[in-house]
Amino acid sequence: MKFVFLAGGLAGFLLAGAAGLWAGRAIDRVLFDASVGCLVGALLFRWFWTVLVRGIRETILLRHAAANPAGKTK
């Protein structure tokens, strides 16, 4: 989870920073926008990771339930 949060922060920082530089903004504004992009990117990646893990968990539970009909366990 920590890796996903850090990767999202890095991606958001780089994307917002590059967009600010490409737009020709002042460096102080570029760094501010990049820091906000870092926060937003980290939160979005965290949310996406939670959704992904929940989907994987549900798939595993459904496959397990299908493999063991009528709730029988080994």
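Residues numbered from 1 in each chain as written. Predicted model: local features only at pLDDT ≥ 70, side-chain atom pairs only at ≥ 80, totals over all residues. Heavy atoms only, no water.

1. Considerations on the overall build of the protein
Move 1: Of the regular secondary structure elements, the protein holds two helices and zero strands.
Move 2: Taking 11 Å as the expected radius of gyration for a compact globule of 74 residues, we find that the protein reaches 20 Å, considerably beyond that expectation.
Move 3: Its C-alpha atoms put the protein at 65 × 20 × 10 Å along the principal axes.
Move 4: Considering the protein as a whole, with its 74 residues, one finds that 18% of them fall into the buried category.
Move 5: Look at the contacts in the protein between residues 6 or more apart in sequence, and 64% of them connect residues 24 or more apart.
Move 6: Total accessible area computed for the protein in this model is approximately 6100 Å², and 74% of it derives from carbon and sulfur atoms. (Helix = DSSP H or I, 4+ residues; strand = E, 2+ residues; numbered from the N terminus. Rg over C-alpha atoms; globule rule 2.2 N^0.38 Å. Buried < 20%, exposed > 50% of the residue type's maximum accessible area, 1.4 Å probe, protein only. Contact = heavy atoms within 4.5 Å. Areas by Shrake-Rupley, 256 points an atom, 1.4 Å probe, with all protein chains shown as cover.)

2. Things to note about helix α2 (residues 27–67)
Move 1: For α2, built from 41 residues, the straight-helix expectation of 60 Å at 1.5 Å per residue is met to within 8% by its first-to-last C-alpha distance of 58 Å.
Move 2: All buried positions along α2 are accounted for by V30, D33, A34, G37, G41 and A42.
Move 3: Buried residues in α2 make contact with α1 (2–22). (Expected span 1.5 Å × (residues − 1).)

3. Some remarks on the pattern of salt bridges
Where charged atoms from two side chains of opposite charge come close, those side chains can pair.
Move 1: Inspection of every chain in the model, using the stated rule, returns two salt bridges.
Move 2: Of the charged contacts, one joins D33 and R25 as a salt bridge, the two residues approaching to 2.9 Å between their closest N and O atoms.
Move 3: Judged by relative accessible area, D33 falls into the buried class, the value being 18%.
Move 4: A salt bridge links D33 to R29; the shortest N-O distance between them is 3.6 Å. Linking D33 with R29, this pair stays in helix α2, spanning four residues, or about one helical turn.
Move 5: Each of R25, R29 and D33 takes part in a single network of salt bridges with overlapping partners. (Salt bridge = Lys/Arg side-chain N within 4 Å of Asp/Glu carboxyl O.)

4. Notes on the environment of A66
Move 1: As for its position among the elements, A66 is in helix α2.
Move 2: Taking the relative accessible area as the measure of exposure, A66 reaches 62% and is therefore exposed.
Move 3: Each C-alpha atom, one on A66 and one on L52, is 21 Å from the other, the two residues being 14 residues apart in sequence.

5. Brief notes about the environment of F3
Move 1: Along the polypeptide, F3 turns up in helix α1.
Move 2: Along the backbone, F3 and R46 are 43 residues apart, and their C-alpha atoms lie at a distance of 9.7 Å.

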